[in-house]
Amino acid sequence: MRADARKRVAILISGSGSNMVTLAKSMTGDHPARPCLVLSNRPDAGGLDKAKALGIPTAVVDHQDFKGDREAFENALNTALDEARPDILCLAGFMRILTPVFTGHWAGRCLNIHPSLLPKYKGLHTHQRALDAGDAEAGCSVHEVTAELDGGPILGQARVPIQPGDTADTLAARVLVQEHLLYPAVLRRFTAGDRTPVTLP
Ligand code: GAR
């Protein structure tokens, strides 16, 4: 594929960026996309150094500078994104709630990974909630981002059996292994224009 025909992907993070790394590393060879930016809302996000080590441009838009003004924060996000000219946004552990103005602007072009089998357990503490409910399985989902938090069309899911003695941490670690398989698989399919859901394993 000609380099100028490839899609440009911006990855938004808040933390360690392990999903960002697996996404970035997947975008090589004949993959129809390349990373163009890693953007963090936290200046201390561990993923920033990982992105730099991979040679990906980085930017920080610190939400704390905007003192709760979500519109101003999102305007700054869009300014940073516009410079990088992404075709697709991948939220990868990006822990800010986005307004309908932002999600509407990026509609059809923005993906998120969430550590539960959506529509179960939107929001936080997903693994503990699955354990508290006595669920037999947990997992992760990649979905399109819409105005509804963790609510857009599901593009892929991976299931993870819950084992006796699991804690939120042990379960999260096993789910994360599946996240690292699922998100690149969905991105590759989505980038090729195919929204058929990916099911793992
Ligand atoms: C991942 O488990 C991701 O699913 C979760 O944050 C973690 C980020 O890890 N995202 C959410 O909870 C979003 N609601 P990472 O920074 O190592 O990719």
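Residues numbered from 1 in each chain as written. Predicted model: local features only at pLDDT ≥ 70, side-chain atom pairs only at ≥ 80, totals over all residues. Heavy atoms only, no water.

Trainee: What should I look at first to understand the site of the ligand in this one?
Mentor: Inspection of the region around the ligand gives Ser 16, Gly 17, Ser 18, Asn 19, Gly 93, Met 95, Ile 113, His 114, Pro 115, Leu 176 and Glu 179 as its neighbouring residues. Contact distances for the ligand include 2.6 Å between an oxygen atom and a side-chain N or O atom of Ser 18. Coverage of the ligand by the protein chains reaches 83% of its 440 Å² of free accessible surface. Elements with a contribution of two residues or more to the shell around the ligand: α1 (18-26), β5 (110-114) and α6 (168-191). Its residues assigned to classes, the shell around the ligand shows 4 nonpolar, 6 polar and 1 charged. (Near = heavy atom within 4 Å. Polar contact = N/O pair within 3.5 Å; in protein donor to acceptor, adjacent residues only side chain to side chain. Areas by Shrake-Rupley, 256 points an atom, 1.4 Å probe, with all protein chains shown as cover. Helix = DSSP H or I, 4+ residues; strand = E, 2+ residues; numbered from the N terminus. Nonpolar A, V, L, I, M, F, W, Y, C, P; charged D, E, K, R; others polar.)

Trainee: Whenever I open this one, the packing of aromatic side chains confuses me. Can you help?
Mentor: The description of an aromatic ring pair rests on the distance of the ring centres and on the angle between the ring planes. Counted according to the given criterion, the structure contains 2 aromatic pairs. Aromatic side chains Phe 102 and Trp 106 sit 6.4 Å apart centroid to centroid with 45° between the ring planes, which places their arrangement in the tilted category. As far as burial versus exposure is concerned, Phe 102 and Trp 106 are alike and both buried. (Phe/Tyr/Trp six-rings, centres within 6.5 Å; stacked < 30°, edge-to-face > 60°. Buried < 20%, exposed > 50% of the residue type's maximum accessible area, 1.4 Å probe, protein only.)

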